[in-house]
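Per-entry structural report
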Amino acid sequence: MTAEALPLRSRDELRAARRARHRRVSFIAHVILVIASIAMLYPLLWMLSASFRPQNEIFSTGSLIPSSVTLDSYVRGWNELQVSFARFFSNSLVLSLTCVLGNLVACSITAFAFARLKFAGKSFWFALMLGTLMLPYQVTLIPQYVLFLHLGWVNTYLPLVVPKFLAVDSFFIFLMVQFFRGIPRELDEAAYMDGCSTFTIYWRIMLPLSLPVLTTAAIFTFIFTWDDFFGPLIYLNQMQNYTVTLALRSFVDSSAESDWGGLFAMSILSLVPIFLIFLFFQRFLIEGIATTGMKR
């Protein structure tokens, strides 16, 4: 018997039972999500709590509530190394912003060429570019290091920055190509009829319409560069050139006592820029990913 054939009262009772069942399922789902969220956030919350504890109480308990609160770990961690931690923050910030600029300029120009221009072997070069996504970074590490060593770039930021201006991040090129292809070509044709050059179309039309995908690429580039440990470890030797990730490693010494309080305190501070970026630019990040490759 269908719901339409039931009496009015029976239909109301059936709808009420369905709503009650939906509320129970929704409540159980929310409880499971809350428990999973707490389990995922516990290590971060524990590290935050440990950064405010005295050094001798850090590993004494797994509780998230410290018995006593102190800022000694932050003061000690900021000034304990040979160089102030402010220098490491400025190094990482300058390096990350420079890499963001390089990726946005180089990748957007390359993506514009693949998406809008016609040239010989375009499909081949695009497939070759996508093929580089399957190459692990370790495969090209030794040839790159030998090249940069002969150029005298070791112990400088050039090996970390210059490749970004040469469009080496194929993922962002592919992301922008997909976005550019969704922009109507009629805009290009109208601009050509008005006397615009190819660069003018790229600068005046494509870039302003591509703000979501550009913001997405900028956010991911900043995060990848800020969190990068392997690259700076290979090319940077002097402490005054260290990034935040390398400086954090300096708090742990296998041959001496490690300063866990300073490590946790500076780790918390190193997360602040990433948190602020997600907080203020999450709308552009979601829009850039959601609209990539879609017709608008």
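That block above? That's the structure.
I will try to describe carefully the structure that is included in this document. Since the structure is predicted, the reported quantities are computational estimates derived from the model, not experimental observations.

Rules and cut-offs
- Every chain begins its residue count from 1, and numbering advances along the sequence as written.
- Reporting in this predicted model follows two pLDDT cut-offs: at least 70 for local features of residues, and 80 or more for side-chain atom pairs to be given and counted; totals over whole chains, interfaces and linings ignore these cut-offs and use all residues.
- The basis for every side-chain value is the complete set of heavy atoms in the structure, and neither hydrogens nor water enter the calculation.
- Among buried residues, the Ala, Val, Leu, Ile, Met, Phe, Trp, Tyr and Cys ones that are joined through side-chain atoms within 4.5 Å form a nonpolar core.
- Note on classification: 1.4 Å probe, protein chains only; a residue is buried when its accessible area is under 20% of the maximum for its type, exposed when over 50%, partly exposed between these limits.
- Under the scheme used here, helices are H or I runs from DSSP no shorter than 4 residues and strands are E runs no shorter than 2 residues, and both carry numbers assigned from the N terminus.
- Each domain's limits were defined by an automated method or a database of domain assignments.
- Contact criterion: two residues are considered in contact whenever any of their non-hydrogen atoms come within 4.5 Å of each other.
- Aromatic pairs are defined between Phe, Tyr and Trp rings, using the six-membered ring for Trp, whenever the two ring centres lie within 6.5 Å; interplanar angles under 30 degrees are classed as stacked, those over 60 as edge-to-face, and all others as tilted.
- Two conditions define a charge located above a ring, namely a distance within 6 Å from the ring centre to NZ of Lys or CZ of Arg, and an angle within 35 degrees of the ring normal.
- Throughout, an axis means a line fitted to C-alpha atoms (over the contacting stretch in the case of helices), and angles, computed between N-to-C directions, take values from 0 to 180 degrees.
- Small angles under 35 degrees read as roughly parallel and large ones over 145 as roughly antiparallel, with 65 to 115 read as roughly perpendicular and the rest as oblique.
- A crossing counts as left-handed when the near helix is turned anticlockwise from the far one by less than a right angle, and as right-handed when that turn is clockwise.
- Polar here means any residue outside two lists: the nonpolar Ala, Val, Leu, Ile, Met, Phe, Trp, Tyr, Cys and Pro, and the charged Asp, Glu, Lys and Arg; Gly therefore counts as polar.

Once that is clear, we can look at the nonpolar core. The tendency in soluble globular proteins is for nonpolar side chains to be buried as a group. Of all hydrophobic cores here, the largest spans 38 residues; its most connected members are Phe-85, Phe-88, Val-244, Leu-248, Phe-251 and Met-266. Those elements that place two or more of their residues in this core are helix H1 (8–50), helix H3 (85–116), helix H5 (137–151), helix H6 (158–161), helix H10 (211–227), helix H12 (244–249) and helix H13 (260–291). Viewed by domain, this core spans two of them, domain 1 (2–70) and domain 2 (83–292), each represented by three or more residues. Dropping the residues within four chain positions of it, Leu-248 is found in contact with Phe-85, Leu-263, Met-266, Ser-267 and Ser-270. Counting residues in each nonpolar core, the second largest holds 26 residues, with Ala-106, Phe-126, Ile-201 and Ala-217 among its members.

Summed over all chains, the structure comprises 26 aromatic pairs. Aromatic side chains Phe-59 and Trp-260 sit 5.8 Å apart centroid to centroid with 85 degrees between the ring planes, which places their arrangement in the edge-to-face category. Taken together, the residues Phe-59 in the loop between H1 and helix H2 (72–79) and Trp-260 in helix H13 connect sequence positions 201 residues apart. Residues Phe-199 and Trp-203 carry aromatic rings whose centres are separated by 6.2 Å and whose planes lie at 10 degrees to one another, so their mutual orientation is stacked. Taken together, the residues span about one helical turn, with Phe-199 and Trp-203 both in helix H9 (residues 198–209) at a distance of four residues. On the basis of relative accessibility, which here comes to 53%, the residue Phe-199 falls in the exposed class. Connected via pairs of aromatic rings, a cluster forms that spans Trp-78, Phe-85, Phe-88, Phe-89, Phe-222, Trp-226 and Phe-251. In this structure, Arg-181 packs its charged tip against the face of Phe-126, placed 5.3 Å from the ring centre.

A few words on the packing of H3 against helix H7 (residues 170–181). Contact geometry of H3 with H7 gives a least axis separation of 8 Å together with a crossing angle of 50 degrees. With respect to H7, the element H3 is oriented oblique. The two elements H3 and H7 cross, and the hand of that crossing is right-handed. Counted together, Asn-103, Leu-104, Cys-107, Ser-108, Thr-110, Ala-111, Phe-112, Phe-114, Ala-115 and Arg-116 of H3 and Phe-172, Ile-173, Met-176, Val-177, Phe-180 and Arg-181 of H7 form the full contact between these two elements. Partitioning the contact of H3 with H7 into residue classes produces 11 nonpolar, three polar and two charged.

In short, the description is geometric, and any link to function would need to be established separately.
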